[in-house]
Each structure stands twice: as structure tokens, then as C-alpha cells.
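These are the residues of each chain, in order.
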Amino acid sequence: MLTLTADAVAAIRDLTSHPETPPDTGLRIASSSDDGPATSLELSISGGPHPDDQVLESEGVRVYLEPAAASFLNDKTLDAEIIEEDGPIFRIFRQTA
């Protein structure tokens, strides 16, 4: 299953914890290609999961994974570099043993 670093959790919390956002707001990761999720992934803020999404909760943040993306990310870790003026940059790494 996808794991999140502390920096990824902090970045997701920053993006989804505004007073005007619905309580189930989270980061959604989906394949943006018909050629499979390894070609391209799309990250967006979502007010809740889509019907077939896998829901990952960690330290109070939610990540919604579209099925093809969930399969691709099963052995990966999501990390973020927080750049104040530009917002976070997310990176995906293979999990280490």
C-alpha cells in the first residue's frame, strides 16, 4: 500500500485544511492516461473519494487512489518538498525493505 512521508502529510494537510473545504477533502491520485498509470499520474484536490477509489488515511489526511493508480502505487512512498512560493512538489519513490 502507498505510504506517506511526514513531509507529504504536512503538504497534504496544508492543501486540504482550509476552512471553506468540505471535511472529506483529500488529495486524489489518478491515472491520466489510457496507457496505464505508469505513463502519467494526476494529483488533484477532491472533496471526497470517487465511487471506486481506495481511501488511505494517515495522520488526519486523506489520499484517494483511483484503482489503476492504486495498483501502480502499491509498493511506493509519496514524499513532498515544500517550497513556500510555489507550493509542494510531490515525488514518488519505491519503498525500501
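Anything mentioned here points back to the structure above.
Novice: Explain a negative patch on the surface to me, using residue names and the numbers behind them.
Specialist: A surface patch of negative charge is lined by Asp14, Glu84, Glu85 and Asp86. Locating Asp86 in the fold gives a position in the loop between β6 (76–83) and β7 (87–94). Taking the relative accessible area as the measure of exposure, Asp86 reaches 62% and is therefore exposed.

Novice: Lay out the packing of aromatic side chains in plain terms, naming residues and giving numbers.
Specialist: Per the counting criterion, the structure on display carries 0 aromatic pairs. Geometry around Phe72 places Lys76 over its ring, the cationic atom sitting 4.4 Å from the centre.

Novice: Summarise the pattern of salt bridges; cite the residues concerned and give the values.
Specialist: Here the structure, examined in full by the defined rule, presents 5 salt bridges. Where Asp75 meets Lys76, a salt bridge forms, and the shortest distance between an N and an O atom there is 2.7 Å. What makes Asp75 partly exposed here is its relative accessible area of 31%. Lys76 sits in the buried class, given a relative accessible area of 8%. Of the charged contacts, one joins Asp75 and Arg94 as a salt bridge, the two residues approaching to 2.6 Å between their closest N and O atoms. Here Asp75, found in the loop between α2 (67–72) and β6, pairs with Arg94, found in strand β7; they are 19 residues apart in sequence, far enough to count as distant. On the basis of relative accessible area, Arg94 is assigned to the exposed category, the value being 57%. Sharing partners across several salt bridges, the network here consists of Asp75, Lys76 and Arg94.

Novice: For the sheet that holds β7, give the residues involved together with the corresponding values.
Specialist: Ordered by their spatial adjacency, 3 strands build an open sheet running β1-β6-β7, and the pairing between neighbours is mixed. In this open sheet, the two edge strands, each paired with only one partner strand, are β1 (3–4) and β7. The pairing of β1 with β6 spans 2 bridges and is parallel. Within the sheet, the bridge partner assigned to Leu4 lies in β6 and is Leu78. Running over the sheet, helix α1 (residues 6–16) touches β1, β6 and β7 and is turned about 60° from β6.

Novice: Run through the pairing of strand β5 (residues 61–65), naming residues and quoting values.
Specialist: Most of β5 is tucked away, with 4 of its 5 residues classed as buried. With 3 bridges connecting them, strand β2 (residues 26–31) and β5 associate as parallel partners. Along β5, the bridge assignment pairs Ile29 with Leu65. Across 5 bridges, strand β4 (residues 54–58) lies against β5 in antiparallel orientation. Across the sheet, the residue bridging to Gln54 is Leu65, located in β5. In sequence, β4 turns back onto β5 through a hairpin of 2 residues, with Glu59 there showing a positive phi of about 50°.

Calculation rules
- Residues numbered from 1 in each chain as written.
- Predicted model: local features only at pLDDT ≥ 70, side-chain atom pairs only at ≥ 80, totals over all residues.
- Heavy atoms only, no water.
- Patch = residues over 30% accessible without salt bridge, like charges linked within 9 Å, V, L, I, M, F, W, Y side chains within 5 Å.
- Areas by Shrake-Rupley, 256 points an atom, 1.4 Å probe, with all protein chains shown as cover.
- Salt bridge = Lys/Arg side-chain N within 4 Å of Asp/Glu carboxyl O.
- Lys, Arg positive; Asp, Glu negative; His and termini not counted.
- Charge placed at Lys NZ, Arg CZ, Asp CG, Glu CD.
- Helix = DSSP H or I, 4+ residues; strand = E, 2+ residues; numbered from the N terminus.
- Buried < 20%, exposed > 50% of the residue type's maximum accessible area, 1.4 Å probe, protein only.
- Phe/Tyr/Trp six-rings, centres within 6.5 Å; stacked < 30°, edge-to-face > 60°.
- Lys NZ or Arg CZ within 6 Å of the ring centre and 35° of its normal.
- Pairing = 2+ DSSP bridges.
- Contact = heavy atoms within 4.5 Å.
- Axes fitted to C-alpha atoms, helices over the stretch in contact; angles between N-to-C directions.

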